[in-house]
Amino acid sequence: MRNFNEPNYFVESVRVIDPDVGEYIETASVKNDIDAQFLPEGGHLLNGVVNNVGVVLKDHKGYGVASVKGTVYDQFDNLITEFEVNKFGIGKFPLLAELGKDYKIKFSKLNKDYSFTLNQKIESIGVTLSLVHYRNKALVALITNKESLKLIKGKPYQLAVHNGDKIEALEVVFEDELNIVKVFDLETMPAGVNVLTLFNENNKPVIERLFFNYNGIDILASSDLKASKANDSITMTLNFKHIEANKFNNLRVSITTRNRIL
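Note that the structure is predicted; figures quoted are calculated from it, not measured. (Residues numbered from 1 in each chain as written. Predicted model: local features only at pLDDT ≥ 70, side-chain atom pairs only at ≥ 80, totals over all residues. Heavy atoms only, no water.)

> Which residues make up the sheet that holds strand β4 (residues 69-74), and what are the values?
Taken in spatial order, the four strands line up as β5-β4-β7-β8 in an open sheet, and their pairing is antiparallel. Across the chains shown, the open sheet's two edge strands, defined by having one partner strand only, are β5 (79-84) and β8 (112-117). Averaged over all adjacent pairs, the angle separating strand axes in this sheet is 20°, with direction ignored. Note that β4 and strand β7 (residues 103-109) share five bridges and pair antiparallel. Among the inter-strand pairings, Tyr 73 is bridged to a residue of β7, identified as Lys 104. (Pairing = 2+ DSSP bridges. Helix = DSSP H or I, 4+ residues; strand = E, 2+ residues; numbered from the N terminus. Axes fitted to C-alpha atoms, helices over the stretch in contact; angles between N-to-C directions.)

> Give a description of the side chain of Ser 130 that names residues and reports values.
Along the chain, Ser 130 turns up in strand β10 (residues 127-134). Here Ser 130 falls in the buried class, since its relative accessible area comes to 14%. Beyond its immediate sequence surroundings of up to four residues, Ser 130 is in contact with Glu 41, Asn 52, Leu 139, Val 140 and Ala 141. (Buried < 20%, exposed > 50% of the residue type's maximum accessible area, 1.4 Å probe, protein only. Contact = heavy atoms within 4.5 Å.)

> Account for the sheet that holds strand β13 (residues 167-172), naming residues and giving values.
Taken in spatial order, the four strands make up an open sheet running β13-β12-β15-β16, and their pairing is antiparallel. Every interior strand has two partners, whereas the edge strands, β13 and β16 (205-213), have only one. Neighbour-to-neighbour, the strand axes of this sheet turn through a mean angle of 20°, independent of strand direction. As judged from the five bridges shared by strand β12 (residues 157-162) and strand β15 (residues 192-199), these two strands associate in the antiparallel manner. Counted as the bridge partner of His 162 is Val 195 from β15.

> Break down unusual backbone geometry for me, citing the residues and quoting the values.
Notably, Ser 67 is not glycine yet its phi reads approximately 50°, a positive angle. Relative to the elements of secondary structure, Ser 67 occurs in the loop between β3 (50-58) and β4. For Asn 111, which is not glycine, the phi torsion reads 60° and is therefore positive. The topology assignment puts Asn 111 in the loop between β7 and β8. Under the relative-accessibility criterion, Asn 111 is labelled exposed at 85%.

> Let's hear about the environment of Lys 226: which residues, and what values?
When you line up the elements, Lys 226 lands in strand β17 (residues 224-230). The class of Lys 226 is exposed, set by a relative accessible area of 55%. Counting along the chain gives 13 residues from Lys 226 to Asn 239, while the straight-line C-alpha distance between them is 8.8 Å.

> Account for the packing of aromatic side chains, naming residues and giving values.
Counted by the stated rule, this structure contains five aromatic pairs. Aromatic pair Phe 107 and Phe 116: ring centres 5.8 Å apart, planes at 15°, arrangement stacked. With relative accessibility at 13%, the residue Phe 116 sits in the buried group. Taken together, the ring pairs connect Phe 38, Phe 107, Tyr 114 and Phe 116 into an aromatic cluster. Between Lys 106 and the ring centre of Tyr 73, over which it is positioned, the NZ or CZ distance is 5.2 Å. (Phe/Tyr/Trp six-rings, centres within 6.5 Å; stacked < 30°, edge-to-face > 60°. Lys NZ or Arg CZ within 6 Å of the ring centre and 35° of its normal.)

> Which residues make up the pairing of strand β6 (residues 90-96), and what values do they have?
Alternating residues of β6 divide into Gly 91, Phe 93 and Leu 95, all buried, and Ile 90, Lys 92, Pro 94 and Leu 96, none buried. Sheet topology places β3 next to β6; seven bridges connect them, and they run antiparallel. Along β6, the bridge assignment pairs Val 53 with Phe 93.

> Could you give an account of the pairing of β15, naming the residues involved and the relevant values?
Within β15, six of the eight residues are buried, which leaves it mostly tucked inside the rest of the structure. Taken together, the eight bridges between β15 and β16 define a ladder with antiparallel strand orientation. In the sheet register, Val 193 faces β16, and the bridge partner there is Phe 212. Taken together, β15 and the strand that follows it, β16, pair antiparallel across an intervening segment of five residues, in which Asn 203 is found at a positive phi of about 60°.

By themselves these figures say nothing about function.
Have a look at this one:
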């Protein structure tokens, strides 16, 4: 807020009350100190098909919780599947989702047990998406169920791959099959972040997924990092060797902040 001359600021009203005479709403304490996110690939779960569910585990500081093994159960405590996250706290598991069933995820960390409910709505009608990176190809599987096939059979869908600059679209038509696979060459796909979006016959997006193409990207690590702080600003100096400053380069920055109320 103090970095620029423009009056760019944030204003929020805060009500301070006397709990003896004013209304007081007690905030419920959060039992879990691990933030667990369970994200279906493509954005939603579809009934009767195997869905990929991404797992992201973070601690209270926003850091990934590494090397955790978890299990998935239905409402009758039947074991459905297992998973393990990597050093960044990221993993995935397959789930044959069924309407009317509830699913819960359990794991342990530092001798403490955690249990989470999979709060994702299971759709009865739709299409789901699964992407697999194999060598220099991206294999995209579009999967539907029998109920949906009755409604979308023969209708012209479009699978678009775009990065904000270029776009490529492939026609997708479900006939008698429930699974359609499209193959993308990573050497011709734009480098960096690509967005895969499936449009229905009315050009309405129904599912979407991000994919990062590393082909054509030379990654250089900084050999030295210096930082200095003045007021609310941090100045950082990065030293990259073997880089051509007169050519276009990309710098990826990830910033984690911690808010504290005094």
